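# Descriptive structure summary
Letter by letter, the chains look like this.
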Amino acid sequence: MKVQNLIKKAIIPVAGFGTRFLPATKSQPKEMLPIIDKPIVHFIVEEALESGIKDIIFITGRHKRAIEDYFDYAPELENNLFRQNKIEVLNKIKSIANLANFIYVRQKEPKGNGDAILQAECLVRNEPFAVLFGDDIVLSKKTALIQLIEVFEKYRDCTIALCEIPKKFLNQYGVVKAVKIDKNIYEIKDIVEKPRPSEAVSNLGIIGKYVLIPEIFDELKRIKYKDELGITDALKGILKKRPVYGVKIEGKRYDCGSKIDFVKAIIDLSLNHPEVKKEIKKHLKSLKI
Ligand code: G1P
């Protein structure tokens, strides 16, 4: 797989409350909910790594310390595994802390994904960078982020991930008006955030993966807002000055912030998981539904 180095940093905003998963998320981050034996956010970090990124900036919040602990050493647990001679699992656990350079910035209040990425401006400065939402998993041969980066390398302008979304769910997405310019590549003309059914300009929704240029920070800072500042708001400003591109992502996408997709991801991934796949297949067959 081609690994590049034009995009060196990924921002993963994880400060949201995860209200769709309450009460499970009352005392733990939604990003730490496990898909079998790996938290959702670990899949996102793997996507960044596979895409050639080593600096990972989490925009975190007061209730999200479990994420920092997960990507750190756990001396008590590790000593315990060592004493029990469970060396394989010990090495696996320890290696997680060394996967990348993990950087944490606090978003003091959850004021939207635009406000979240603005917290990392001082770390990103003048470089283009990736944004990966903490719960959007795409399973594909080529990572969704590499698909974005390849288009970014060609045009050097903001490049966002798109997916065809069923009509009834479009009101949960930023929906784009776009012109197809190549296979899977679009030039964005307009974005309507969470449109009513009559306002949806297409069936292409933005999913939680972006490659952005540093000018996005100027746009974000220009916007006066009360409750929430969105990446979409800034992209609309960018659109007035420069092109923005969209890539219809190839792969199977799971919005693991939603119950349905979270369960689907568990089912699909369990069918490939060496430890459980045999029993799960047997179980699913036995259900006869
Ligand atoms: C955000 C974005 C939206 C995008 C969606 C993808 O909305 O504002 O444009 O389509 O993520 O998950 P949120 O779901 O954070 O409200």
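Anything mentioned here points back to the structure above.
Attention in this report is confined to the structure presented alongside it. (Residues numbered from 1 in each chain as written. Predicted model: local features only at pLDDT ≥ 70, side-chain atom pairs only at ≥ 80, totals over all residues. Heavy atoms only, no water.)

## Describing the packing of helix 8 (residues 215-222) against helix 9 (residues 231-239)
This is how the line gets drawn: Note on definitions: angles span 0 to 180 degrees between N-to-C directions of axes, and those axes are lines fitted to C-alpha atoms, for helices only across the stretch in contact. A run of H or I in DSSP counts as a helix once it spans at least four residues, and a run of E counts as a strand once it spans at least two, with each numbered from the N terminus. For classification purposes, angles smaller than 35 degrees are called roughly parallel, those larger than 145 roughly antiparallel, those between 65 and 115 roughly perpendicular, and all remaining angles oblique. Rotating anticlockwise by less than a right angle from the far helix to the near helix defines a left-handed crossing, while the corresponding clockwise rotation defines a right-handed one. Note on contacts: a residue pair is in contact if any heavy atoms of the two residues lie within 4.5 Å. In this classification, Asp, Glu, Lys and Arg are treated as charged, Ala, Val, Leu, Ile, Met, Phe, Trp, Tyr, Cys and Pro as nonpolar, and every other residue, Gly included, as polar.
Their axes nearest at 8 Å, the elements helix 8 and helix 9 cross at an angle of 110°. With respect to each other, helix 8 and helix 9 are oriented roughly perpendicular. Note that helix 8 runs across helix 9; the crossing there is right-handed. For the pair helix 8 and helix 9, the contacting residues are E215, I216, E219 and L220 in the first and A234, L235, G237 and I238 in the second. For the contact of helix 8 with helix 9, the per-class residue count stands at five nonpolar, one polar and two charged.

## Quick word on a nonpolar patch on the surface
Short version of the rule: Patch membership needs two things, relative accessible area over 30% and no salt bridge, and members are linked within 9 Å if like-charged or within 5 Å if nonpolar (Val, Leu, Ile, Met, Phe, Trp, Tyr). Accessibility throughout is a Shrake-Rupley quantity obtained with a 1.4 Å probe, and a residue counts as covered only by protein chains that appear here. Definition used for salt bridges: Asp or Glu carboxyl oxygen within 4 Å of a side-chain nitrogen of Lys or Arg.
Residues V263, I267, L284, L287 and I289 make up a contiguous nonpolar surface patch of roughly 480 Å² in combined accessible area. Those elements that place two or more of their residues in the nonpolar patch are helix 10 (259-270) and helix 11 (277-287).

## A look at helix 8
Threshold: With a 1.4 Å probe rolled over the protein chains alone, any residue whose accessible area is under 20% of its type maximum counts as buried; one over 50% counts as exposed, and the rest are partly exposed. The arc in question is formed by the directions pointing from the helix axis toward the C-beta atoms.
Buried residues of helix 8: I216, F217, E219 and L220, and no others. The arc that holds every buried residue of helix 8, seen down its axis, measures 160°, which confines them to one face. Those residues of helix 8 hidden inside the fold are in contact with helix 5 (113-118), helix 6 (121-124), strand 6 (129-132), strand 11 (204-212) and helix 9.

## Describing the site of the ligand
Definition in use: Summary of the distance rule: residues count as near a molecule or strand when at least one heavy atom falls within 4 Å of that molecule or strand. Residues adjacent in sequence count toward polar contacts only when both atoms are side-chain atoms; beyond that, a polar contact is any pair of N or O atoms within 3.5 Å, and within protein one must be able to donate a hydrogen and the other to accept it.
Lining the immediate surroundings of the ligand are N113, F133, Y173, G174, E193, K194, I206 and T232. In the model, an oxygen atom of the ligand is placed 2.6 Å from a nitrogen or oxygen of the E193 side chain. Within the side chain of T232, a nitrogen or oxygen atom sits 3.4 Å from an oxygen atom of the ligand. Compared with its free state, where it exposes 370 Å², the ligand has 74% of that area covered by protein. Class assignment of the residues belonging to the shell around the ligand gives a composition of three nonpolar, three polar and two charged.

## Digging into helix 10
Definition in use: Every helix has an expected span of 1.5 Å times one less than the residues it contains.
Spanning twelve residues, helix 10 covers 16 Å between terminal C-alpha atoms, matching the ideal 16 Å at 1.5 Å per step. If you check which residues of helix 10 are buried, you get D261, F262, A265, L269 and S270. All buried residues of helix 10 lie within an arc of 165° about the axis, which places them on one face of the element. The exposed residues of helix 10 that point more than 90 degrees off its buried face are K259 and I260.

## Side note on unusual backbone geometry
Following L22, the chain continues to P23 via a peptide bond in cis, the omega torsion being 10°. Structurally, P23 can be placed in the loop between strand 1 (9-13) and strand 2 (34-35). In the Ramachandran plot, I36 falls in the positive-phi region, its phi being about 65° despite a non-glycine side chain. Within the secondary structure, I36 sits in the loop between strand 2 and strand 3 (38-39). Of note in the backbone geometry, R156 takes a positive phi value of approximately 60° without being a glycine. In this structure, R156 sits in the loop between helix 7 (144-155) and strand 8 (159-164). Owing to a relative accessible area of 46%, R156 belongs among the partly exposed residues under this scheme.

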